[in-house]
Amino acid sequence: MNFNWLLDLVLNQIFGQPFILIGIIVLIGYLAMNQKFSKALTGALKAAIGVIVMGMGSGALIANFNKLIMAIQTATGITGAGLNTYPTMTAAYEKMDAILGSGTGASWGIYTLLVAFILNLIFVALRKFTKIRAVYLTGNAMIVQAGISTYIVWKFLGTGMVPTIIIASIITALYWGIFSTMLIKPTHLITGADFTVAHQQMFASYIAYKVAPFIGNPEKDDIEKKKLPASLNILQDNVIATALVMFLSVAIIFLVIGSKNIDWLRGPEGLAQAGLTNNLVFLFWITITLTANIYVLLAGVRMFVGEIMMSFKGISEKLLPGAVAGVDCAATFAFAPKSVVLGLVFGTVGQVLGLLGLIVFKTPIFLIPGFIPLFFDNATIAIFANKFGGWKAAGVICTLNGFVQIFGSMLAVQMTGLSWWQGSADYATIWVVVIGVLKAIGSMLGIPVGA
């Protein structure tokens, strides 16, 4: 009997959809607490809607900002490997398919995703021995990470389907469990809620948590508690502060790309705003649109975080005692909105310095920054850095992180041979080490490189 339809239903249509996965988790949690089915269903629906709303804000933000990145590429003539999440997975699968046959990469990646998640649950169930307490629930990140793990194991170890899936699953599950567990305590101190961050900058966020106190004073320099001068009171409002940063950023981009590329940007291939012929008005439109995207993202976060936190108590008490939900890093943004803006600013500075470094050292690969690693990574890391070391720590750490994102990703691109790379903090640090170890093992065993 052909079970491909069932596999597709479970792994792609259900498990691969964060809004369904989170909704199911919330439903199970409420039922485990003996709540009425109507209350459980209501909570599940609200959580699912919240995830969709967050995705709408996040997706629009990414799509709009990527148009600005494309305009910069066209204006400057810069080419090279791109930094983004989903294209990295796609590029990896294309490499595998070219040798193993169409669809092979995605198929192996889905199996890795399933096995890794089961292992994550087993590690939590055996927490007495593993010390792992976090269940990784960020479905969109899980899909990408499982795909990349599958590719690098296959490429450097030259293994077949089953061993590739097993090895990649173990590596992925350990990454999910260990590093999201490490963030349980600092995340609780930041949010007061019982969840942890499960994303792609967990190691970097933990380093920020530990290092920040040596850089700044969290009581004196906490940006969230800072009272700005009377003339700057308007910046106390997170929406206004975000809009100002966006305005300055887009204004600089306009100066770089020039009138010809501004015209392209307002055209049908860009942001489709041909009616806004005045550049200043167009600048304001982009500013307000990007700010609105972030506002929608945060609104979605507020919707689902409360539900999943309440319901996960039932899961941790009845099904997996002591378990903690690992959710998208954006779930922390509403608790420290000023830090989010701070991270974007200093992360951008760091990445610019990194790009200048690539030029100065005449590296063979030039990278095109992507908004996902730039914004989500540095915003999250800034929240941890500011909480435990104030804005000075956030500034220093995020600037360094931006620099590391560029140089670490360059090394990853060189080793993997991909035209895209994740670009996120962990994939520019510990995952570069993982790749190096797998490559060394393969070389030592005389295994030919897969692609």
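Quick summary incoming for the structure in this document. (Residues numbered from 1 in each chain as written. Predicted model: local features only at pLDDT ≥ 70, side-chain atom pairs only at ≥ 80, totals over all residues. Heavy atoms only, no water.)

Right, let's talk about the overall build of the protein for a bit. What the protein contains, in helices and strands, is 16 helices and six strands. For a compact globule of 451 residues, the expected C-alpha radius of gyration is about 22 Å, and the protein comes in at 22 Å, within 12% of that figure. Taking the principal axes of its C-alpha atoms as reference, the protein extends roughly 60 × 55 × 50 Å. Counting every position in the protein, which comprises 451 residues, the buried fraction comes to 53%. Nonlocal contacts in the protein, meaning residues at least 24 apart in sequence, comprise 77% of its contacts between residues at least 6 apart. (Helix = DSSP H or I, 4+ residues; strand = E, 2+ residues; numbered from the N terminus. Rg over C-alpha atoms; globule rule 2.2 N^0.38 Å. Buried < 20%, exposed > 50% of the residue type's maximum accessible area, 1.4 Å probe, protein only. Contact = heavy atoms within 4.5 Å.)

The next thing to look at is a nonpolar patch on the surface. A cluster of nonpolar side chains, namely W5, L6, L9, I14, I24, I28 and L319, defines an oily patch on the protein surface of about 610 Å² accessible area. Broken down by secondary-structure element, the contributors of at least two residues to the nonpolar patch are α1 (4–14) and α2 (18–32). With four residues, the top contributor of residues to the nonpolar patch is α1. With respect to the element layout, W5 can be found in helix α1. (Patch = residues over 30% accessible without salt bridge, like charges linked within 9 Å, V, L, I, M, F, W, Y side chains within 5 Å. Areas by Shrake-Rupley, 256 points an atom, 1.4 Å probe, with all protein chains shown as cover. Salt bridge = Lys/Arg side-chain N within 4 Å of Asp/Glu carboxyl O.)

Attention now goes to the state of the cysteines. In total, this model carries zero disulfides according to the counting rule given. With no disulfide partner, C329 has as its closest neighbouring cysteine sulfur the one in C398, 12 Å distant. (Disulfide = S-S within 2.5 Å.)

With that out of the way, let us pick up the packing of aromatic side chains. One pass over the structure, following the stated rule, counts 19 aromatic pairs. Ring geometry for F254 versus F282: centroids 5.8 Å apart, planes at 35 degrees, classification tilted. Taken together, the residues F254 in helix α12 (residues 238–266) and F282 in helix α13 (residues 279–319) connect sequence positions 28 residues apart. Side by side, F254 and F282 carry an identical accessibility label, which is buried. (Phe/Tyr/Trp six-rings, centres within 6.5 Å; stacked < 30°, edge-to-face > 60°.)

Okay, the sheet that holds strand β5 (residues 367–368) next. Think of a sheet as strands paired side by side through backbone hydrogen bonds, with each pair either parallel or antiparallel. Reading across the sheet, the three strands line up as β5-β1-β6 and stay open at both edges, with parallel pairing between neighbours. Lying at the two open borders of the sheet, with one neighbouring strand each, are β5 and β6 (420–421). Relative to β6, strand β1 (residues 81–83) is paired through two bridges, and the arrangement is parallel. Bridge pairing links G82 to W420 in β6. (Pairing = 2+ DSSP bridges.)

Next up on the list: the pattern of salt bridges. Counting across every chain of the model gives two salt bridges. Put simply, K392 and D221 hold a salt bridge, and the shortest N to O gap is 4.0 Å. Of this pair, K392 sits in helix α15 (residues 371–416) while D221 sits in helix α11 (residues 218–221), and the two are 171 residues apart along the sequence. Take K392: its relative accessible area is 37%, and that puts it in the partly exposed class.

Another aspect to go through is unusual backbone geometry. With a phi close to 70 degrees, K131 is a non-glycine residue in the positive phi region. As for its position among the elements, K131 is in the loop between α6 (127–130) and β2 (134–136). When its relative accessible area of 58% is taken as the criterion, K131 is described as exposed.

Here strand β4 (residues 324–327) shows a buried face lined by V324 and G326 and a second buried face lined by A325 and V327. Of the strand pairs in this sheet, β2 and β4 are connected by three bridges, and their pairing is parallel. Paired with A134 across the strands is V324, a residue of β4. The pairing of strand β3 (residues 195–197) with β4 spans three bridges and is classified as parallel. Among the inter-strand pairings, V197 is bridged to a residue of β4, identified as V327.

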